[in-house]
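# Architecture at a glance
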Amino acid sequence: MNTLAYYLLYAFAYTLSLLPLRVLYVLSDGIYPILYYIIRYRRGVVRRNLTTSFPDMSEADIKSTERQFYHWLCDFGVETLKLLSISDKGLLKHVEYHNVDLVEKMIDEGRNCSVISGHYCNWEWFAGMPLAMKRHPQAVVGLIYHPLYNDAFDRLFINIRSSHGGVCIPKKDILRRLLAYKQEGRHTVFGYASDQSPRWHNIHLWLPFLNHDTPVFTGGERIMRKMNDAVFFVDIKRPRRGYYTFTYILITAEAAKEEEFAITRRSFEMLEANIRRQPAFYLWTHNRWKRTHEEFDRQYVMVNGKAIPRENYKG
């Protein structure tokens, strides 16, 4: 049944993706009022996130940003589907990848690369990055992802994200796969989404982010430091509808030489600057600040960098 559900879902998504983008945007325009005004999808979460992140923004500007966000979210959905059928040439007409020569320079020097982004603009179009690797087309370019609970949707998104030569690796397998690629002598460029919410026991660091004391994942940085990767942040802009620029900014050429959490801190500073520049294009539907530092301190104690439930703490 799971296999049948996947093939039916894939057939529907692929057929829809064959429509020209201009037609898909008409579809997006039709979905927007249904999602925003009728279904009211996570309206309370979005309003709370925007209001607490931008306390100095007027109510009128909050509402305007909120509407822009939902309109962009509908565009994001159809743009992501389009990856299934858009040609390599067609994708490169809509996405510009800047400073890829710096990434390839690191590979020239024998380094593997990590690319940090957030859920901002169309992060799924990082899937076109292999097309921009002109001098090192043999490099393994991919995304680290958290598998979806629904098997059919999970397989669909793997197809979407690998549609232009990239690979998708579950986050629990990434270190093992990176070590395997290294043994094979293959260079790698992998993208990490840094702004997901960790579970209580995975919290090792709190950072100021968008006017919140925010728990963040540090596992990605630990892998980067272990592999001594060159680390880039990808600055994403949306100059107009359907067009994006990805600019790769070097954070460090040798992650192992950085102080603990320095890479994570710097990447969150850069992500916040992105969001403040065009706030409507961040994933505000995610309940990112549901865990507070005060509640963490009541329930857990940090011991050697690990979160230990207080009832289990013997110190």
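In this report, we go over the structure that sits alongside the text.

About the cut-offs
Residues numbered from 1 in each chain as written. Predicted model: local features only at pLDDT ≥ 70, side-chain atom pairs only at ≥ 80, totals over all residues. Heavy atoms only, no water. Core = buried A, V, L, I, M, F, W, Y, C linked by side-chain atoms within 4.5 Å. Buried < 20%, exposed > 50% of the residue type's maximum accessible area, 1.4 Å probe, protein only. Helix = DSSP H or I, 4+ residues; strand = E, 2+ residues; numbered from the N terminus. Pairing = 2+ DSSP bridges. Axes fitted to C-alpha atoms, helices over the stretch in contact; angles between N-to-C directions. Contact = heavy atoms within 4.5 Å. Parallel < 35°, antiparallel > 145°, perpendicular 65-115°, else oblique. Left-handed = near helix turned anticlockwise from the far one by under 90°. Polar contact = N/O pair within 3.5 Å; in protein donor to acceptor, adjacent residues only side chain to side chain.

### Quick word on the nonpolar core
Core analysis: the biggest nonpolar cluster contains 70 residues, and M129, M133, F246, Y248, I275 and W284 have the highest contact counts within it. Of the residues forming this core, the biggest block, eight residues, is contributed by helix α4 (residues 59-82). Core analysis: the second largest hydrophobic core is formed by 15 residues, I174, F190, Y192 and M224 among them.

### Quick word on the sheet that holds strand β9 (residues 243-252)
The strands making up a sheet are joined through hydrogen bonds of the backbone, oriented either antiparallel or parallel. Read from one edge to the other, the open sheet built from seven strands follows the order β1-β9-β8-β2-β5-β3-β4, with strand pairing classed as mixed. At either margin of the open sheet sits one strand with a lone partner, and together these are β1 (95-98) and β4 (167-170). Between one strand axis and the next, the sheet turns through 30 degrees on average, direction left out of account. As paired elements, strand β2 (residues 113-117) and strand β5 (residues 188-193) share five bridges and run parallel to each other. Among the inter-strand pairings, S117 is bridged to a residue of β5, identified as A193. Set on the sheet, helix α9 (residues 174-183) makes contact with β3 (140-145), β4 and β5; between it and β5 the angle comes to about 165 degrees.

### Here we look at the packing of helix α3 (residues 43-53) against α4
Direction vectors running N to C along α3 and α4 enclose 130 degrees, while the axes themselves pass 10 Å from each other. Between α3 and α4, the interaxial angle falls into the category oblique. The handedness of the crossing between α3 and α4 comes out as right-handed. In contact with R43, V46, R47, L50 and T51 of α3, α4 contributes I62, K63, T65, E66, F69 and Y70.

### Thoughts on the side chain of D75
Turning to its location among the elements, D75 is positioned in helix α4. Polar side-chain contacts of D75 include one of 2.9 Å to the side chain of R241. Residue contacts for D75: discarding those within four places in its chain leaves Y25, S28, R238 and R241.

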